[in-house]
Amino acid sequence: MKLNKFVILLGVAVVAGLAFIMSTEKASEKVAVIADDKKLKVGFVYLTTPGDHGWTYAHEVGRQDVIKHFGDNVETTFVENVPEGPDATRVIRDLAKQGNDIIFTTSFGYMDPTLKVANEFPEVKFDHITGYKRAPNMATGNIRFYEGRYVQGVVAGLMTKSNKIGYIASFPIPEVIQGINAFGLGLRSVNRDAEVSVIWVNTWYDPVKESDAAKVHIAEGADILAQHTDSPAMLQTAEKAGVYGFGQSSDMKTFAPKAQLFSSVNNWGPYYVSQVQALMDGTWTTGNGPDHWAGNTWAGMADDFLVLTKFENMPADVAAAAQKAADDIKSGTNKIFTGPIRDNTGVEKVPAGKTLNDGELFTTLDYYVEGVKGKIPG
């Protein structure tokens, strides 16, 4: 959902001062036994058709993991091509009326519709993906997408010959801004001369817009492309032009085998399995702890929620640098958003020794870091 500056700042105000908690608990291998006449009903709301690539496809793989794990103990349903906005409210409400015990809504723009329906159906559990608002029966889950984008930045900085990187962005919401800045930090960690140019396409999935944006970047001299959009159109355009790029959400190698350097793959299965298991066990919660914001699961590469595909189309030394960057993130050696961090005007935003906590990553990144050109749209 396209958000203007006011809405983003409103969201900032809502969550300011709150901290997130990253759940590192692996999905249980057991399957709770439930009565033969009572299958747990699980609903999913999808932004697009699952297809064979991208954001929704990754969620569909997660749903299939739930089926494989729990077998006849669950019954799953999904509704595809649900726009972010009022129509989402209707779809989520219909799933609640159909008797689903838990409903996963899988895009940031479903946040307010999910909250509205959660308040209407207090006996149903709701799990919103990538948002921050909660209710007694509404939890949230997310992947640290920015970790993969830091590694992308390292590879881009070492691979570029023009020192011009093109980035295609969807909407100016926290998760997208985190990714752009993490990419910039990775880039500048290995190449102080490279710069990132961002084109905002204001869509999650539009192959034509994504391809057109890629063409603009290439025409301006970019020889490496990155994206926070959902189709392989950028990579296909890159391959035709003889430049390189990164896949998004799922492995996109088959669409552009000569252009893909690697893909950041969203692995939702462990999250969905663990949440369904918790509901079966009676331990599902949104939490009320005084020292953390429970009910939110935010995990990344260390927990296999984010998986990087094989490093390809790059020299061995670049692949080794990418692997080290990934290993350092997994081990916690590199926390990415640790100061000193300056914005692209040279103003220090994060002092040396300070690491932005999870809440601050959602509320304070209203700027581009060094190496990223321009300003975040208002």
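Residues numbered from 1 in each chain as written. Predicted model: local features only at pLDDT ≥ 70, side-chain atom pairs only at ≥ 80, totals over all residues. Heavy atoms only, no water.

Asks: Explain helix α4 (residues 111–120) to me, please; I cannot follow it from the model alone.
Replies: Since the α-helix turns once every 3.6 residues, residues separated by three or four places project in the same direction. Within the sequence span of α4, burial applies to Met111, Pro113, Thr114, Leu115, Val117 and Ala118. Elements in contact with the buried residues of α4: α3 (86–97), β3 (102–105), β4 (125–129) and β5 (138–143). (Buried < 20%, exposed > 50% of the residue type's maximum accessible area, 1.4 Å probe, protein only. Helix = DSSP H or I, 4+ residues; strand = E, 2+ residues; numbered from the N terminus. Contact = heavy atoms within 4.5 Å.)

Asks: Would you mind going over helix α6 (residues 174–190) with me for this structure?
Replies: Compared with an ideal rise of 1.5 Å per residue, which puts 17 residues at 24 Å, α6 spans 25 Å between its outermost C-alpha atoms and is within 8% of the ideal. Most of α6 is tucked away: 15 of the 17 residues are buried. (Expected span 1.5 Å × (residues − 1).)

Asks: When you look at the side chain of aspartate 230 in this model, what are you seeing that I'm missing?
Replies: Assignment of secondary structure puts aspartate 230 in the loop between β8 (224–227) and α8 (233–241). An unpaired buried charge is present at aspartate 230: no salt bridge exists, and arginine 149, the closest side chain of opposite charge, is 8.9 Å distant. A distance of 2.3 Å separates a polar side-chain atom of aspartate 230 from the backbone nitrogen of tryptophan 55. Ignoring anything within four residues of it in the chain, the contact list for aspartate 230 reads Thr48, His53, Gly54, Trp55, Thr56, Trp204, Tyr205, Glu210, Ser249 and Met252. (Lys, Arg positive; Asp, Glu negative; His and termini not counted. Salt bridge = Lys/Arg side-chain N within 4 Å of Asp/Glu carboxyl O. Polar contact = N/O pair within 3.5 Å; in protein donor to acceptor, adjacent residues only side chain to side chain.)

Asks: Even after reading the chapter, I still don't get the packing of aromatic side chains, so can you show me in this structure?
Replies: All told, the structure shown has 21 aromatic pairs when counted by the stated rule. Aromatic pair phenylalanine 108 and tyrosine 132: ring centres 6.4 Å apart, planes at 55°, arrangement tilted. On the criterion of sequence distance, the pair formed by phenylalanine 108 in the loop between β3 and α4 and tyrosine 132 in the loop between β4 and β5 is long-range, its members being 24 residues apart. For phenylalanine 108, a relative accessible area of 5% gives the class buried. On the accessibility criterion, tyrosine 132 (7% relative accessible area) is buried. The interplanar angle of 80° and the centroid separation of 6.4 Å between the aromatic rings of phenylalanine 183 and phenylalanine 246 together place this pair among those described as edge-to-face. Taken together, the residues span a long stretch of sequence, with phenylalanine 183 in helix α6 and phenylalanine 246 in strand β9 (residues 244–249) at a distance of 63 residues. (Phe/Tyr/Trp six-rings, centres within 6.5 Å; stacked < 30°, edge-to-face > 60°.)

Asks: Is there a simple way to explain the environment of asparagine 137 in this structure?
Replies: Looking at the element boundaries, asparagine 137 is found in the loop between β4 and β5. Under the relative-accessibility criterion, asparagine 137 is labelled buried at 5%. Along the sequence, asparagine 137 and asparagine 119 sit 18 residues apart, while their C-alpha atoms lie 8.1 Å from each other. In this structure asparagine 137 touches Ala118, Phe121, Pro122, Val124, Lys125, Phe126, Trp284 and Thr286, once residues within four positions along its chain are discounted.

Asks: Can you walk me through the environment of glycine 179 in this structure?
Replies: Structurally, the position occupied by glycine 179 is in helix α6. You can call glycine 179 buried: its relative accessible area is 0%. Residues glycine 179 and phenylalanine 145 lie 34 residues apart in sequence; the distance between their C-alpha atoms is 6.7 Å. If we skip the residues at most four places from it in the chain, glycine 179 touches Tyr146, Arg149 and Tyr167.

Asks: What is the right way to look at the pairing of strand β1 (residues 40–45) in this model?
Replies: In the case of a regular strand, side chains alternate between the two sheet surfaces. With five of its six residues buried, β1 lies for the most part within the structure. Across six bridges, the pairing between β1 and strand β2 (residues 74–79) is parallel. If you follow valine 42 over to β2, its bridge partner there is threonine 76. Assessed by its sense of winding, the connection that carries the chain from β1 through helix α2 (residues 54–70) to β2 is right-handed. Across four bridges, the pairing between β1 and β3 is parallel. Bridged to valine 42 within β3 is isoleucine 102. (Pairing = 2+ DSSP bridges. Right-handed = clockwise from strand over helix to strand, strands pointing away.)

Asks: Please clarify how the sheet that holds strand β11 (residues 296–299) should be interpreted in this entry.
Replies: Two pairing modes exist for strands in a sheet, parallel and antiparallel, and in both the strands are linked by backbone hydrogen bonds. Pairing is parallel across the open sheet formed by six strands, whose spatial order is β2-β1-β3-β4-β5-β11. Every other strand in the sheet has two partners, leaving β2 and β11 as the edge strands with one partner each. Neighbour-to-neighbour, the strand axes of the sheet open up by a mean angle of 15°, direction not taken into account. Bridge analysis of β4 against β5 gives four bridges, and the strand direction is parallel. Its bridge partner lying in β5, isoleucine 129 is registered against glycine 141. (Axes fitted to C-alpha atoms, helices over the stretch in contact; angles between N-to-C directions.)

Asks: Please explain the packing of helix α5 (residues 145–159) against helix α10 (residues 316–331) as it appears in this structure.
Replies: Two numbers describe a pair of packed helices, the interaxial angle and the distance between the axes. Here α5 crosses α10 at 155°, and the two axes come no closer than 9 Å. In terms of axis orientation, α5 runs roughly antiparallel to α10. Both α5 and α10 take part in a crossing whose hand is right-handed. Counting all contacts with α5, which are made through Glu147, Tyr150, Val151, Val154, Val155, Leu158 and Met159, the residues of α10 involved are Val318, Ala321, Ala322, Ala325, Ala326 and Ile329. Looking at side-chain class alone, the contact of α5 with α10 contains twelve nonpolar, no polar and one charged residues. (Parallel < 35°, antiparallel > 145°, perpendicular 65-115°, else oblique. Left-handed = near helix turned anticlockwise from the far one by under 90°. Nonpolar A, V, L, I, M, F, W, Y, C, P; charged D, E, K, R; others polar.)

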